[in-house]
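# Structure at a glance
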Amino acid sequence: MLEHYFTKLFLFHFLELLAAVVGLYFLRRCTAEKGDKIFVWFLWYVFIVETINLYPAFAYYEGYEFFSFLKESPFRRNYWIANPNVIIINSFYCYYFILHLTSVKFRKAFQILLITYIATSLLNLLVTNVYFYAYSQYSTIVGAILLTLIIGFYWYELLLSNKILYSFKSLAFYVSFIALIWHLATTPLFIYSFYYNTERSVEFVQMYRIILISLNVFMYLGYIISFLILSRKRRLERSFSG
C-alpha cells in the first residue's frame, strides 16, 4: 500500500516538473503572448513548493526517525505552507485571467475584489486556528468563487468578440477549462481536509489521496498537452507566413 501511494505521488510530482519543463520549451519555440511567461514561471514556483511540501509524507512513513523533531510539533503537517500557498495560487489564477480581460471597468473591479480576497484570507488565517490543522475553508471557497466569476467573464468577452475565432491559439483558453475544473473539483476535498487523518477516517484519507492525485494528473497532463498543441500550431503559422 505504501509503495503504491508513493508511486502515485511520484507520478504526479514528475508531471508537475514535466509541465514546467515543457512550458519552457513552449516559450523557446513560440512567441509568447500576454501572460504566457508568468504562467510558465508560476508552474516552476508550484513545483518547488510542492517538493518542499513532501516532507510530512516522508517523515510519517519513515517513522519520524530522521524527522523526530516534527512528531509532536504543529509542523508535522504541511498546512502552514499549504494555506498561504492556496491564497497565492488562487490569486495568481485570478490575476492571470484579469490580464486577459478587455473591459477596463471590470478589470479594475476584479482587481479590487482580488486585493480584498488576499487581505481577508490572510486575516482569516490570523484570527482562526485553522492555519496548522486544515485548509482554510474561507480561502478555498471564496477563491474558487472569485476565479469562477473571472473566468466566466473572460469566456463572456470571448463570445462577444471576434477573439472566439482565435481562442484555440491562446494558452489562456486552454488553461481556463483545466484550472476551473480542477478548482471546482478540489474545493470540496479541501473543505473537509480536517478529516484527513487516519485516526479519524482511513477511508476518507484513501479517497482524498486518490481523487487529489487523479485531479493533479489531469491538470498537469492538460497543461503539457496544451503547450505541445500550441507549440505546433504557432510553428506551423510561422512556417506558412515565412
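The model shown is predicted, which means the values in this text are computed figures rather than measured ones.

### A look at the overall build of the protein
Along the protein, the regular secondary structure elements total eight helices and zero strands. In the protein, which comprises 242 residues, the share counted as buried stands at 47%. Contacts in the protein between residues at least 24 apart in sequence constitute 76% of all its contacts with a sequence separation of at least 6. Accessible surface, the protein: about 13100 Å² in total, of which carbon and sulfur atoms supply 70%.

### What to know about helix H6 (residues 137–159)
Spanning 23 residues, H6 covers 33 Å between terminal C-alpha atoms, matching the ideal 33 Å at 1.5 Å per step. For H6, the complete set of buried residues consists of Ser139, Thr140, Gly143, Ala144, Leu146, Leu147, Ile150, Ile151, Phe153, Tyr154, Glu157 and Leu158. Taken together, the buried residues of H6 touch helix H4 (79–98), helix H5 (104–127) and helix H7 (171–191).

### Some details on the packing of H6 against H7
Put simply, H6 and H7 touch, their axes get as near as 10 Å, and they point 155° apart. In this view, H6 runs roughly antiparallel relative to H7, as classed from their interaxial angle. Judged by the sense of rotation from one axis to the other, the crossing of H6 with H7 is left-handed. Contacts between H6 and H7 involve Gln137, Thr140, Ile141, Ala144, Leu147, Thr148, Ile151, Tyr154, Trp155 and Leu158 from the former and Ala172, Phe173, Ser176, Phe177, Leu180, His183, Leu184, Thr187, Phe190 and Ile191 from the latter. Its residues assigned to classes, the contact of H6 with H7 comprises 14 nonpolar, six polar and no charged.

So, how was this worked out
Residues numbered from 1 in each chain as written. Predicted model: local features only at pLDDT ≥ 70, side-chain atom pairs only at ≥ 80, totals over all residues. Heavy atoms only, no water. Helix = DSSP H or I, 4+ residues; strand = E, 2+ residues; numbered from the N terminus. Buried < 20%, exposed > 50% of the residue type's maximum accessible area, 1.4 Å probe, protein only. Contact = heavy atoms within 4.5 Å. Areas by Shrake-Rupley, 256 points an atom, 1.4 Å probe, with all protein chains shown as cover. Expected span 1.5 Å × (residues − 1). Axes fitted to C-alpha atoms, helices over the stretch in contact; angles between N-to-C directions. Parallel < 35°, antiparallel > 145°, perpendicular 65-115°, else oblique. Left-handed = near helix turned anticlockwise from the far one by under 90°. Nonpolar A, V, L, I, M, F, W, Y, C, P; charged D, E, K, R; others polar.

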